[in-house]
Amino acid sequence: MAVLITVLIVTSALLLSMGAGLFVVAGILRWVEPEGSAPGVLRGGTWIGVLERLAITGTVLAGYPEAIAVVLAVKGLGRYPELRSAKSEHRAKATERFIIGTLASYIWAGLLGILGSLAIQAWA
């Protein structure tokens, strides 16, 4: 029974991290940037965010939060060329959006990983 409860908690935490994280991060970005982002800047950010939240929540649940540094490094190195090549009038806005979106996403994913870990400890 404990294994089933653990699986349900892990699955719930991962799904909430990915799914509800879409709304949390989008809401924060709309609050900070009500006029929207520049067209074509940071394409694919939604999918990258879903995957990064999955990775972060998963690493926290697995007891290996140090792997968050790897996720951050991969994302930063992957986005750096795009941020540098953005038109100068869009670069600052794109960089700000990248930082705010990343931090909001990581905080949400980390929080759900911690809550999931606490729930596992309480039920196991």
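Note that the structure is predicted; figures quoted are calculated from it, not measured. The residue numbering used here restarts from 1 in each chain and proceeds along that chain's sequence as written. Note on the predicted model: pLDDT of at least 70 is required for a residue's local features to be given, and 80 or more for side-chain atom pairs to be given and counted; whole-chain, interface and lining totals, by contrast, use all residues. Side-chain metrics in this entry use all non-hydrogen atoms of the structure; hydrogen atoms and water are not considered.

**Considering the overall build of the chain**
Stated formally: By the criteria applied, helices consist of DSSP H or I runs no shorter than four residues and strands consist of E runs no shorter than two, each listed in order from the N terminus. Burial classification: accessible surface area is computed with a 1.4 Å probe over protein chains only, and a residue below 20% of its type maximum counts as buried, one above 50% as exposed, and the rest as partly exposed. Contacts were defined at the residue level, with two residues in contact if any of their heavy atoms lie within 4.5 Å. Computed by Shrake-Rupley with a 1.4 Å probe, the accessible areas treat only the displayed protein chains as cover when residues are assessed.
When its secondary structure is counted, the chain shows four helices and zero strands. Helices and strands in the chain line up, N terminus first, as α-α-α-α. Each principal axis of the C-alpha atoms in the chain carries an extent, and together these give about 55 × 25 × 15 Å. Scored against the burial criterion, the 124 residues of the chain give a buried share of 32%. Restricting to contacts in the chain with at least 6 residues of sequence separation, those with at least 24 account for 85%. A total of about 7700 Å² of accessible surface is found on the chain, and carbon and sulfur atoms cover 73% of it.

**Remarks on the side chain of Ser 105**
With respect to the helices and strands, the residue Ser 105 is situated in helix α4 (residues 88–123). Apart from residues lying up to four places away in sequence, Ser 105 is in contact with Val 25, Gly 49, Glu 52 and Arg 53.

**Digging into the confidence of the model for the chain**
Put simply, the test is: As a per-residue quantity, pLDDT reports the predictor's confidence and falls between 0 and 100.
Taken over all residues, the pLDDT of the chain has a mean of 87, while the share at 70 or more is 91%. The secondary-structure element of the chain with the lowest mean pLDDT is helix α3 (residues 68–85), recorded at 84, while helix α1 (residues 2–32) shows the highest, at 93.

**Description of helix α2 (residues 45–61)**
Let me state the cut-off plainly: To estimate how far a helix should extend, the number of its residues minus one is multiplied by 1.5 Å.
Look at α2: 24 Å from first C-alpha to last across 17 residues, which is about the 24 Å you get at 1.5 Å a residue. Taken together, the buried positions of α2 are occupied by Gly 49, Val 50, Glu 52, Arg 53, Ile 56, Thr 57, Thr 59, Val 60 and Leu 61.

**A look at the side chain of Ser 17**
Among the secondary structure elements, Ser 17 is positioned in helix α1. Since its relative accessible area comes to 0%, Ser 17 is described here as buried. With residues up to four places along the chain from it excluded, the contact list for Ser 17 reads Arg 53, Leu 54, Thr 57, Trp 108, Ala 109 and Leu 112.

**A short note on the pattern of salt bridges**
Counted only if it meets this: The salt bridge definition used is simple: a Lys or Arg side-chain nitrogen within 4 Å of an Asp or Glu carboxyl oxygen.
The final tally for this structure, using the stated rule, is one salt bridge. Among the salt bridges present, the one from Glu 52 reaches Lys 75, with a minimum N-O distance of 2.9 Å. Taken together, the positions of Glu 52 in helix α2 and Lys 75 in helix α3 put the pair 23 residues apart, joining distant regions of the chain.

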